[in-house]
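Structural overview
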Amino acid sequence: MLPQFTEIVSLNPGQRCLRAVTAVALLLSLAGCTSGSSQGQPETPQPTSSDSWESPEPTPTPKLPTPTLPGLRNAPSLPKSTANRELLEESWDIYRQQFIQVDGRVIDYEDSDRSTSEGQAYAMLRAVLIDDPTTFALSLDWAEKNLHRLSETGTHRDQLWAWKWGQAQPGKWGPIDKNFASDADIDAITALILASRRWNQPEYLNLARRKLRDLWYFSTIEVPGGKRYLLPGPAEAFAPTPTTIYLNPSYYAPYAFRLFAQVDKEHDWMSLVKSSYESLEQSSKVSAAGLPSDWIALDTQTGKYQPVPPQSKLQSVYSFDAYRVWWRVAWDAAWFNAPEAKKYLSTATKHLEKQWREQKRLSARIDLQGKPTVNYEATSQYAMLIPAFRITNPDLAQELLKDKLLPQYKQGIWDDESAYYTQNLAWLGILSPNVVSPQLLQPQPK
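First, a word on scope: everything that follows refers to the structure included in this document. (Residues numbered from 1 in each chain as written. Predicted model: local features only at pLDDT ≥ 70, side-chain atom pairs only at ≥ 80, totals over all residues. Heavy atoms only, no water.)

Re the sheet that holds strand β8 (residues 244–247)
Applied cut-off: By definition, two strands form a pair when at least two bridges between them are found by DSSP. Each helix is a run of DSSP H or I of at least 4 residues and each strand a run of E of at least 2, with the numbering of both proceeding from the N terminus.
Read from one edge to the other, the open sheet built from 3 strands follows the order β8-β9-β10, with strand pairing classed as antiparallel. Only two strands of the sheet have a single neighbouring strand rather than two, namely β8 and β10 (305–306). For β8 and strand β9 (residues 296–299), the ladder comprises 4 bridges, and the chain directions are antiparallel. Residue pairing for β9: Thr244 is matched across the bridge by Asp299.

Considering the pairing of strand β4 (residues 164–169)
Of the strand pairs in this sheet, strand β1 (residues 115–116) and β4 are connected by 2 bridges, and their pairing is antiparallel. When the sheet's bridge partners are listed, Ser115 is paired in β4 with Trp165. Strand direction decides the pairing type here: β4 and strand β5 (residues 172–177), joined by 5 bridges, are antiparallel. Among the inter-strand pairings, Trp165 is bridged to a residue of β5, identified as Pro175. Counting the residues between successive antiparallel strands, the hairpin from β4 to β5 contains 2 residues, one of them, Gly171, with a positive phi of roughly 80°.

Here we look at the packing of helix α3 (residues 117–129) against helix α5 (residues 182–198)
For any two helices packed against each other, the geometry comes down to the angle between their axes and how far apart the axes lie. For the record, the criterion: Here an axis means a line fitted to C-alpha atoms, over the contact stretch when the element is a helix, while the angle between two N-to-C directions is reported on a 0 to 180 degree scale. Should an angle lie under 35 degrees it is considered roughly parallel, over 145 roughly antiparallel, and from 65 to 115 roughly perpendicular; all remaining angles are considered oblique. Note: crossing handedness is left-handed where the near helix turns anticlockwise from the far helix by less than a right angle, and right-handed where it turns clockwise. The criterion used for residue contact is that any of the two residues' heavy atoms lie within 4.5 Å.
Relative orientation of the contacting elements α3 and α5 amounts to 25°, with a least axis distance of 8 Å. What the angle tells us is that α3 and α5 run roughly parallel. In this structure, α3 meets α5 at a crossing whose hand is left-handed. Residue-level contacts link Ser117, Glu118, Ala121, Tyr122, Met124, Leu125, Val128 and Leu129 of α3 to Asp183, Ala184, Asp187, Ala188, Thr190, Ala191, Leu192, Leu194, Ala195 and Arg198 of α5.

Quick look at the environment of Leu428
Structurally, Leu428 can be placed in helix α15 (residues 420–430). With 306 residues separating them in the primary sequence, Leu428 and Tyr122 have C-alpha atoms 9.2 Å apart. Contacts of Leu428, omitting those with residues within four sequence positions, involve Tyr122, Leu125, Arg126, Leu129, Trp327, Trp331 and Met384.

Some thoughts on the pattern of salt bridges
Our working rule: Should a side-chain nitrogen of Lys or Arg be within 4 Å of a carboxyl oxygen of Asp or Glu, the pair is scored as a salt bridge. Think of it in three bands: with a 1.4 Å probe and only protein chains considered, a residue is buried below 20% of the maximum accessible area for its type, exposed above 50%, and partly exposed in between.
Counted by the stated rule, this structure contains 24 salt bridges. The residue Lys354 makes a salt bridge to Glu358 at a minimum N-O spacing of 2.7 Å. With Lys354 and Glu358 both in helix α12 (residues 350–359) and 4 residues apart, the pair spans about one turn of that helix. Residue Lys354 is classed as partly exposed on the basis of its relative accessible area of 47%. The partner of Glu399 in a salt bridge is Arg357, with the nearest N and O atoms 3.3 Å apart. One end of the pair, Glu399, is in helix α14 (residues 394–405); the other, Arg357, is in helix α12, and 42 residues separate them in sequence.

Things to note about helix α10 (residues 324–336)
Side chains of residues three or four places apart in an α-helix project in the same direction, reflecting 3.6 residues per turn. The condition is simple: Between the first and last residue of a helix there are one fewer steps than residues, each counted as 1.5 Å, and that sum is the expected span.
Taking 1.5 Å of rise per residue, 13 residues should cover 18 Å, and α10 covers 18 Å from first to last C-alpha, within 8% of that figure. Here α10 lies mainly inside the structure; 11 of its 13 residues are buried. Looking at α10, one finds that the buried residues are Arg324, Val325, Trp326, Trp327, Arg328, Val329, Ala330, Trp331, Asp332, Ala333 and Trp335.

Here's the deal with the packing of α3 against α15
Going by this rule: Residues are grouped as follows: Ala, Val, Leu, Ile, Met, Phe, Trp, Tyr, Cys and Pro are nonpolar; Asp, Glu, Lys and Arg are charged; every other residue, Gly included, is polar.
Interhelical geometry of α3 versus α15 gives an angle of 30° and a closest axis separation of 11 Å. Relative to α15, α3 is oriented roughly parallel. Crossing handedness for the pair α3 and α15: left-handed. Facing α3, whose interface residues are Glu118, Gly119, Tyr122, Leu125, Arg126 and Leu129, α15 presents Tyr420, Tyr421, Gln423, Asn424, Leu425, Trp427 and Leu428. When grouped by side-chain class, the residues that make up the contact of α3 with α15 number 8 nonpolar, 3 polar and 2 charged.

Section: unusual backbone geometry
Non-glycine residue Asn200 carries a positive phi angle of around 55°. Here Asn200 is to be found in the loop between α5 and α6 (202–219). One non-glycine residue, Asn337, lies in positive phi territory at about 50°. Turning to its location among the elements, Asn337 is positioned in the loop between α10 and α11 (339–348).

Structural data, given as C-alpha cells:
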C-alpha cells in the first residue's frame, strides 16, 4: 500500500499548496504557489536569442488526443516481473502528485518553481514506460500550450520547445528563455514515438515527425568533411566561431536516433549515431580519467577536442550533466545490442569502478586531471551508473543499488523532497530497460 501523502511532513510551501489542491477535487491552478527556493540542479545554459531563426516551412499544430480529466488518472503499472517494481510504481505515483501540477506542468521547486522542457519530456518518457497515458497526455498538452517558441506575430516558429518557463516578473508567468535544449526535444520525441506504438495513437507519431524535421534543421550541424553533429541548442549559441562548436555529450541519445531513423526517412539520423560515438570516445580522451565532460569544444577543422575556454559559463568537467551519458549509452546497448555502446561503457567506466573498489564512494565532481573537486556524493550519479554496470559488471550494479540508491529512498522520494532532477535520474537509472517490449523498438507496419 502506498503511504498517505498527507502524513508526509516538512513540506515546503509550494509542496503543501500542491498537495492541498490535489486533495480538493483537483480544481485550482497552482501557478501562484511558490516555494521561494533559489537552489537548483545544474541547468541548461541560457544562449543568446535566436529570434531570427524560422522553420523552413509552416508548422500547423496537429490535433492530439484530449487529456483525461485529472481526477480520472489511471493506476500506472509495470510488468510483474520488473525488478524493484513496487518501488518504481510508488515513486512515480508520488512524483506525479508532488511535482506534476494537475494541468500537466512539471514544477522544479528548487529553482523558483520554474518549469523546463526537460521536465516535461522526462514526465512523458516516464509515463510511457510505466503505461500512464493520462499523465503523458497532460504533460504533453501543457508543454504544447505553453512552451512553443513564438514569432513576433504569435505564430509557431517551429515545433521545438522553449527550455525555460517561469515567473519573468511578479505576477507574470511564461517563457523566460525561448531557446530550446535539444536533449529535452529528443526525449519528448522518443516518448511520442513509443506512445504512438504502445497506445495506438497515430497523432503522436505525426507530431513526432513534425518535431524531427525542426530538430534536424535547427539542432544539427554539418562540419567540413560532411560529418554531422547534434548541437545542444541553436547554432548561434553553440557555434561561437566558424571553426568551433560546443557539445554536450550527455545529450547524445543513439537509441533515440535509431528510432528517429525508423520514422523519418528524409534525414540521416544514423549519421548522428556514428558521430555521437566518435565524439564520446574522442572527447573522453581529454580527461586523464577517460570520463565524459559536461561540455566539450570541437575544432571542426582539425577534429580536435579540447576543454571549453575557462571564461565560458560552460565547464569541461565530469559532473551532473555527464552522468546521463551512462544511461543513454546503456539504453542503446540494451535496446539495440549496439557494440559501440558496450565498447564505450567498458572503457569509460574503468576509473569510476577503480575509485569505487578503493573507497566505496564516488565524488560528485571530477576534473580533467581525474581529481575529485568536491567532498560530497550524488545519488543521481550512482543511479545513472547502474544501467551502465548492468552491461559491464552486473554485480557492481547491484552493489550500487543496495548501498547507495535504496538507502536514500524514503516514502517515495530520493534525497530531498524538492530534488526534481534526482527523482528523474534515480527512477530512470533503476528501471530495467527491458520493460519496453522489443516490438515497440522495431519499425512498425504502415
